[in-house]
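# Coordinate analysis (summary)
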Amino acid sequence: MDKASQVLAQSLPEGTPKSFRALADHSDVPRTTLQHRARGRRSKEEKAQSQHYLYPWEAKALVKFLVQQDAIGRPVRIKYLRPIAFSLARQRPLMDRPKLRASKSGALDWNRYDIYNKVVYWFEVIRAVLQNSTVL
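Residues numbered from 1 in each chain as written. Predicted model: local features only at pLDDT ≥ 70, side-chain atom pairs only at ≥ 80, totals over all residues. Heavy atoms only, no water.

### Some words on the overall build of the protein chain
The condition that has to hold: Numbering of helices and strands runs from the N terminus, with a helix taken as a DSSP run of H or I at least four residues long and a strand as a DSSP run of E at least two residues long. Throughout this description, buried means an accessible area under 20% of the type-specific maximum (1.4 Å probe, protein chains only), exposed means over 50%, and partly exposed covers the range between. Whether two residues are in contact is decided by their heavy atoms, any of which lying within 4.5 Å being enough.
Along the protein chain, the regular secondary structure elements total seven helices and zero strands. Secondary structure elements of the protein chain, listed N to C terminal, follow the sequence α-α-α-α-α-α-α. Looking at the protein chain as a whole, 15% of its 136 residues qualify as buried. Expressed as a percentage of contacts within the protein chain between residues at least 6 apart in sequence, the contacts between residues at least 24 apart total 43%.

### Some remarks on the nonpolar core
Applicable threshold: We call a set of buried Ala, Val, Leu, Ile, Met, Phe, Trp, Tyr and Cys residues a nonpolar core when their side-chain atoms join them within 4.5 Å.
Core analysis: the largest hydrophobic core is formed by eight residues, namely Ala-4, Val-7, Leu-12, Ala-22, Leu-23, Ala-24, Val-29 and Leu-34. The set of elements that each furnish at least two residues to this core consists of helix H1 (3–9) and helix H2 (20–27). No other element matches H2, which puts three residues into this core. When near neighbours in sequence (up to four residues on either side) are disregarded, Leu-34 contacts Ala-4, Val-7, Leu-8, Phe-20, Leu-23, Ala-24 and Val-29.

### Things to note about the packing of aromatic side chains
The following threshold applies: For this analysis, a ring pair means two rings from Phe, Tyr or Trp (six-membered ring only for Trp) whose centres lie within 6.5 Å, classed as stacked if their planes differ by under 30 degrees, edge-to-face if by over 60, and tilted for the remaining angles.
Evaluated as defined, the whole model comprises two aromatic pairs. Residues Tyr-55 and Trp-57 carry aromatic rings whose centres are separated by 4.8 Å and whose planes lie at 20 degrees to one another, so their mutual orientation is stacked. Taking the relative accessible area as the measure of exposure, Trp-57 reaches 58% and is therefore exposed. Centroid distance Trp-122 to Phe-123: 4.9 Å. Interplanar angle 80 degrees. Geometry classified as edge-to-face.

### Some thoughts on the side chain of Gln-69
You can see Gln-69 is positioned in helix H5 (residues 56–71). If we skip the residues at most four places from it in the chain, Gln-69 touches Arg-74, Pro-75 and Val-76.

### Here we look at a nonpolar patch on the surface
Here is the rule: The patches reported here contain residues having more than 30% relative accessible area and no salt bridge. Joining distances are 9 Å for like charges and 5 Å for nonpolar side chains (Val, Leu, Ile, Met, Phe, Trp, Tyr). Here the accessible surface of atoms and residues is derived via Shrake-Rupley with a 1.4 Å probe, and residues count as covered only by protein chains that are part of the display. By convention in these notes, a salt bridge is any Lys or Arg side-chain nitrogen within 4 Å of a carboxyl oxygen on Asp or Glu.
A cluster of nonpolar side chains, contributed by Ile-115, Val-119, Trp-122 and Phe-123, occupies part of the molecular surface with about 400 Å² of accessible area. Tracing the backbone shows Trp-122 in helix H7 (residues 116–131).

### What to know about H2
Those residues of H2 not exposed but buried are Ala-22, Leu-23, Ala-24 and Ser-27. Close packing links the buried residues of H2 with H1 and helix H3 (31–38). Backbone geometry just after H2 places Asp-28 at a positive phi near 60 degrees.

### Side note on the environment of Ala-61
By the secondary structure assignment, Ala-61 is in helix H5. Separated by 27 residues in sequence, Ala-61 and Leu-88 have C-alpha atoms that sit 9.1 Å apart.

See below:
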């Protein structure tokens with residue numbers, strides 16, 4: 001548990017108003033950090049841990065394999081680390097594999113491509129410029 005979550009869990013001394021500002025002054029944790037933790041935002045460490053591709057025991061197995069290969073005189077090239085990690089992750093049960101998410105969840109609105117009125121307006125504006133003989 002990070003320091004901000006611990007501060008939110010403990011109580012303030014008597015006579016101190018119950019606010020994020022008072023908690024921040026009392027504990028040397030920024031007020032905005034306390035507000036974010038209270039609303040459910042994860043700490044940077046928790047977020048980073050959830051974004052790892054391999055579990056810790058898989059990473060240890062990969063390191064052990066790399067050291068073992070180096071010891072017998074067959075160092076693994078860096079470009080092969082990603083496929084080896086992928087094969088480790090592929091051996092997990094299906095529900096434990098990393099989830100792939102689409103970057104866009106829905107189709108784009110077709111009405112946004114209706115540019116006829118914009119083109120007509122542009123030609124009305126540019127007509128005066130094109131009729132000026134000094135421009136051409």
